[in-house]
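# Observations on the model geometry
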Amino acid sequence: MSLEHFRQRARSQSTAIVAVADAADLEVLESVQMAVREGLASFLLFGNESKMVHLAKQSFPELLSTDAVTFVPTQSATDAATKAVQSVSSGEATVLMKGHVPTATLLKAVLNKEWGLRTGAVLSHVAAFEVDGFERLIWVTDAAMNIAPDLTQKAQIIQNSISIATSVGINKPKVAVLTAVEVVNPSMQATLDAAALVQMASRGQIKGASVDGPLALDNAISITAAEHKGIKGEVAGNADILMVPTIEAGNVLYKSLVYFANAKVGAVIAGAKAPIVLTSRADSAESKLYSLALAICTTSN
């Protein structure tokens, strides 16, 4: 499976509607135009109407003449976040996308107790990478949301990633709980958590996947490395999902794959009532499109 699968699958789900919080930004509008051209979704663009229209006239005039785009005027970035989230909460839209609004402002709206997108679950970042040399996608969680998750949060983060992976057709994904070593060490909390997560999965507290750990990165993704250390099991060397112990580990792994391995990536925030796309200015246009497509794919489940 490749990331192109997401785009193909999203194109078949023409009913998706994406609410963009503060779309008055050239890079945001570029990603919207790319998605519209591919027929991925329709868009509700919340933000300063005069600025959005000016930018569209300047660089993306086709956005002004398509039925797939609706401009919704708002008074501020906070107002844009509020109205975008409310449109998803009410069912008017099916996907939430971060525009030029600060992440903290958007998440504050997402977590609003009255009209937000809370489910009671942990929100977590799930990224799918297409890496040269691997026939399967490599999923990494959590590289952006949870700083130092405890055992309960780790279980929910894994469950979120399973939900996203299965929504795009990966049946019973293999989850490796990453640590620095592949043995339980009482001095290393991450290894204790890994062992507990394996037990939780074996007893049905984590559903829909095979979970193993603790595993170091090499033993999780390389059959040769796993065999060399005598590590057996269906996950060792064949992991689909890599669960990292902390946000630092996840962030470094994420950016290493992008900048050292030139990997392609698409990512979403899971655990809310609807998928959330948090794009960054550093993301390529291609990455933003893959992220949108991944989010759209999950809405059919």
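So, here is what we can say about the structure in this document. This structure is a prediction, so every number in the text was calculated from the model and none was measured.

Quick look at the overall build of the protein chain now. Within the protein chain one finds 11 helices and 11 strands. Taking 301 residues into account, the globule formula puts the C-alpha radius of gyration at 19 Å, and the protein chain, at 20 Å, falls close to it. By its C-alpha atoms, the protein chain is 60 × 40 × 30 Å across when sized along the principal axes. Here the protein chain holds 301 residues, and the buried ones make up 51% of them. As presented, the protein chain carries roughly 13100 Å² of accessible surface, and 51% of it is formed by carbon and sulfur atoms.

Attention now moves to the side chain of S287. Its location among the elements puts S287 in helix α11 (residues 285–298). Among residues more than four places away in sequence, those in contact with S287 are V265 and G266.

Turning to the packing of helix α1 (residues 4–11) against α11, a few remarks are in order. Running from amino to carboxyl end, α1 crosses α11 at an angle of 55°, the nearest separation of the two axes being 8 Å. In terms of orientation, α1 lies oblique with respect to α11. For the element pair α1 and α11, the recorded crossing hand is left-handed. Of the residues in α11, those touching α1 at E4, F6, R7, R9 and A10 are L289, Y290, A293, L294, I296 and C297. In terms of residue class, the contact of α1 with α11 is made up of 8 nonpolar, no polar and 3 charged.

Parameters and conventions
- Residues numbered from 1 in each chain as written.
- Predicted model: local features only at pLDDT ≥ 70, side-chain atom pairs only at ≥ 80, totals over all residues.
- Heavy atoms only, no water.
- Helix = DSSP H or I, 4+ residues; strand = E, 2+ residues; numbered from the N terminus.
- Rg over C-alpha atoms; globule rule 2.2 N^0.38 Å.
- Buried < 20%, exposed > 50% of the residue type's maximum accessible area, 1.4 Å probe, protein only.
- Areas by Shrake-Rupley, 256 points an atom, 1.4 Å probe, with all protein chains shown as cover.
- Contact = heavy atoms within 4.5 Å.
- Axes fitted to C-alpha atoms, helices over the stretch in contact; angles between N-to-C directions.
- Parallel < 35°, antiparallel > 145°, perpendicular 65-115°, else oblique.
- Left-handed = near helix turned anticlockwise from the far one by under 90°.
- Nonpolar A, V, L, I, M, F, W, Y, C, P; charged D, E, K, R; others polar.

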